[in-house]
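Chain and residue survey
What follows is the residue order along each chain.
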Amino acid sequence: MEKSSISIQLTSSKKPKPQSDELAFGRVFTDHMFVMDYSVEENWHSPRIVPYQAIAMEPAAMVYHYGQTVFEGLKAYLTKEGKVLLFRPEKNMERLNKSNDRLCIPRVDEEFVLEALKQLITVDKEWIPEKEGTSLYIRPFIISTESYLGVAPSKTYKLIIILSPVGSYYKEGIAPVKIAVESEFVRAVAGGTGTAKTAGNYASSLKAQEVAEASGFSQVLWLDGLEKKYIEEVGSMNIFFKINGEIITPALNGSILEGVTRNSVLQLLKHWGLPVTERKISVEEIAEAHKEGKLEEAFGTGTAAVISPVGELIWKNESLVINNGETGPISKKLYSTITSIQRGDQSDEFGWTTEVSTVEKEKVN
Ligand SMILES: *Cc1c(COP(=O)(O)O)cnc(C)c1O
């Protein structure tokens, strides 16, 4: 598909833009969206940028019943000079196709979808908030649209990209959270869909999240689905521990979602010459390390928070306080390094950022 084949229909009524300091997460959407359709006969076709609007589908549309759908999440950042940067977007496109494969959804042309995403951001670039910590959240997703109640892969799909200006994840600076080790519910099992960004994984995580929140925890630490022994993820983030100087993250095992942030953190730590290992790690080992005073740091990684320090873990009614409940030095350094690269405040020696377009500063609200 040619880049020029994306048609653009601009809105006739632009919406008011929220103030930077009033922004929450995922509640406000920009003026436009990108849509593309799939049919067996025409493959992916009719790419278009249109005003943000509701989509009409028959109640029999397959996505409503069996959840054959995938999504991605990434952000665009505005630099001090008014440049718009994306952080490793090709990784998200690659993962979108990986999720597609798992869900029997036809693959997309990664370069083309990335180009479409850039064009959409350019159309709505005045929506990118300027204040430090804010960004434009980008949500590409694919839904199965065929009207059919049989359990089978749909014959038609829509790929849609919507944009949402989001506020700073940390209103008062990076801060540690309290996490409950989840010993009843599991997020995913090897052979299941845990490695794909697909709706069902998140629907099935809600119960544990609800119970944890009711007891005053912000998220759960997920254990493996077979033995409920080994650590997998924290909430919808990947997890890292620092034990006696070594930084450890669970190895990809067929049920862990491979985060772009996780990959970036691994690269940075190696670049800094720190000992870092991807391996199986049990919750017992964590408790043991804590008892011996060797559990130095723990943090989650993901696009939304970048780094989310864990200040306390609750396991079997025991509280494991980590680094006095404060953000550790590795967590701080990773957070400031990654966020400065994303905002163009630090040289991008890994070539992680991609420039989309330039915004004239006076047009930015
Ligand atoms: C999206 C996601 C992550 C983090 O991925 P990033 O690419 O770093 O944002 C981790 N775990 C789960 C379950 C996720 O859905």
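Source: prediction; values computed, not measured.

The secondary structure content of the protein chain amounts to eight helices and 18 strands. By the compact-globule yardstick of 21 Å for 365 residues, the protein chain fits well, its C-alpha radius of gyration being 21 Å. With the principal axes as the frame, the protein chain shows a C-alpha extent of 65 × 55 × 35 Å. Split into buried and exposed, the 365 residues of the protein chain put 52% on the buried side. Pairs at least 24 residues apart make up 71% of the contacts formed inside the protein chain by residues separated by at least 6 positions. If you sum the accessible surface of the protein chain, you get close to 16600 Å²; carbon and sulfur atoms cover 50% of it. Computing the positive centroid from 41 side-chain charges and the negative centroid from 49, the protein chain places the two 1 Å apart.

Before going further, it helps to spend a moment on the pattern of salt bridges. Opposite charge on two side chains makes pairing possible when the charged atoms of those side chains draw close. For the structure shown, the criterion picks out 14 salt bridges. In this structure, Glu-285 engages Arg-279 in a salt bridge whose closest nitrogen and oxygen atoms are separated by 2.7 Å. Of the charged contacts in the structure, one is a salt bridge between Lys-294 and Glu-292, with a shortest N-O distance of 3.4 Å. Under the relative-accessibility criterion, Lys-294 is labelled partly exposed at 33%. Taking relative accessible area as the criterion, Glu-292 reaches 47% and is therefore assigned partly exposed. Within the structure, one salt-bridge network assembled from shared partners comprises Asp-37, Arg-48 and Lys-158.

Soluble globular proteins tend to pack their nonpolar side chains together in the buried interior. Counting 35 residues, the largest nonpolar core has Phe-34, Ile-121, Ile-138, Ile-142, Leu-159 and Ile-161 as the members making the most contacts within it. Mapped by element, the contributors of at least two residues to this core are strand 2 (32-39), strand 3 (43-51), strand 5 (74-78), strand 6 (83-87), helix 2 (89-102), helix 3 (110-123), strand 7 (135-144) and strand 8 (156-166). A total of seven residues in this core trace back to one element, the largest contributor, which is helix 3. Each residue touching Leu-159, except ones within four places of it in the same chain, is listed here: Phe-34, Val-35, Met-36, Trp-44, Leu-96, Val-108, Val-113, Phe-141 and Ile-142. Listed in part, the 25 residues of the second largest apolar core include Ile-231, Ile-239, Phe-241 and Ala-305.

Moving on: the side chain of Asp-224. Residue position: Asp-224 is located in the loop between strand 10 (219-223) and strand 11 (231-234). Buried charge Asp-224 goes without a salt bridge, the closest partner of opposite sign being Lys-280 at 7.0 Å. Reaching out from Asp-224, the side chain makes a polar contact with the backbone nitrogen of Glu-227 at a distance of 2.7 Å. When residues no more than four places from it in sequence are discounted, the contact partners of Asp-224 are Val-186, Lys-229, Tyr-230 and Glu-232.

Next up on the list: the packing of aromatic side chains. Per the counting criterion, the structure on display carries 10 aromatic pairs. Relative to Tyr-157, the ring of Tyr-38 has its centre 5.8 Å away and its plane inclined at 65 degrees; by these criteria the two rings are edge-to-face. Of this pair, Tyr-38 sits in strand 2 while Tyr-157 sits in strand 8, and the two are 119 residues apart along the sequence. Each member of the pair, Tyr-38 together with Tyr-157, is buried. Every member of this aromatic cluster is reached through a ring pair, and the members are Tyr-38, Trp-44 and Tyr-157.

Okay, the UniProt feature "modified residue: N6-(pyridoxal phosphate)lysine" (unreviewed entry) in the protein chain next. Mapped onto this numbering, the UniProt entry gives "modified residue: N6-(pyridoxal phosphate)lysine" (unreviewed entry) at Lys-197. Tracing the sequence through the fold places Lys-197 in the loop between strand 9 (177-181) and helix 4 (199-203).

Together, Tyr-66, Leu-149 and Val-151 make up an exposed nonpolar region whose accessible area comes to about 340 Å². Take Val-151: it is sitting in the loop between strand 7 and strand 8. Judged by its relative accessible area of 72%, Val-151 is exposed.

What follows is about helix 6 (residues 260-271). Compared with an ideal rise of 1.5 Å per residue, which puts 12 residues at 16 Å, helix 6 spans 17 Å between its outermost C-alpha atoms and is within 8% of the ideal. Of all 12 residues that make up helix 6, nine are buried, and the element is covered over most of its length. Listed as buried for helix 6 are Val-260, Thr-261, Arg-262, Asn-263, Ser-264, Val-265, Leu-266, Leu-268 and Leu-269. Positive backbone phi, approximately 75 degrees, marks Gly-273, located one or two places after helix 6.

All right, on to the domain arrangement of the protein chain then. Each domain of the protein chain was delimited in the assignment, giving domain 1 (3-168 + 348-363) and domain 2 (177-326). Contact with domain 1, which involves 20 residues of that partner, is made by 19 residues of domain 2. Approximately 1700 Å² of surface area, both sides summed, lies buried where domain 1 meets domain 2, with 58% of it carried by carbon and sulfur atoms. Considering only the side of domain 1, the residues that lose the most area to domain 2 are Phe-71, Arg-95 and Arg-102, jointly responsible for 32% of the buried surface there. The tally of links between domain 1 and domain 2 comes to one salt bridge. One salt bridge connects Glu-258 with Lys-98, and the closest N-O pair in it is separated by 3.6 Å. Listed by contribution, the elements that provide at least two residues to the side of domain 1 that touches domain 2 are strand 4 (69-71), strand 5 and helix 2. Considering each element in turn, the side of domain 1 that touches domain 2 owes the most residues, six residues, to helix 2. Classifying every residue of the side of domain 1 that touches domain 2 gives seven nonpolar, five polar and eight charged.

Basis of the calculations
Residues numbered from 1 in each chain as written. Predicted model: local features only at pLDDT ≥ 70, side-chain atom pairs only at ≥ 80, totals over all residues. Heavy atoms only, no water. Helix = DSSP H or I, 4+ residues; strand = E, 2+ residues; numbered from the N terminus. Rg over C-alpha atoms; globule rule 2.2 N^0.38 Å. Buried < 20%, exposed > 50% of the residue type's maximum accessible area, 1.4 Å probe, protein only. Contact = heavy atoms within 4.5 Å. Areas by Shrake-Rupley, 256 points an atom, 1.4 Å probe, with all protein chains shown as cover. Lys, Arg positive; Asp, Glu negative; His and termini not counted. Charge placed at Lys NZ, Arg CZ, Asp CG, Glu CD. Salt bridge = Lys/Arg side-chain N within 4 Å of Asp/Glu carboxyl O. Core = buried A, V, L, I, M, F, W, Y, C linked by side-chain atoms within 4.5 Å. Polar contact = N/O pair within 3.5 Å; in protein donor to acceptor, adjacent residues only side chain to side chain. Phe/Tyr/Trp six-rings, centres within 6.5 Å; stacked < 30°, edge-to-face > 60°. UniProt positions renumbered as here; feature names shortened; annotations may be inferred. Patch = residues over 30% accessible without salt bridge, like charges linked within 9 Å, V, L, I, M, F, W, Y side chains within 5 Å. Expected span 1.5 Å × (residues − 1). Domains from an automatic or database assignment. Buried area = accessible area lost by both parts, 1.4 Å probe. Nonpolar A, V, L, I, M, F, W, Y, C, P; charged D, E, K, R; others polar.

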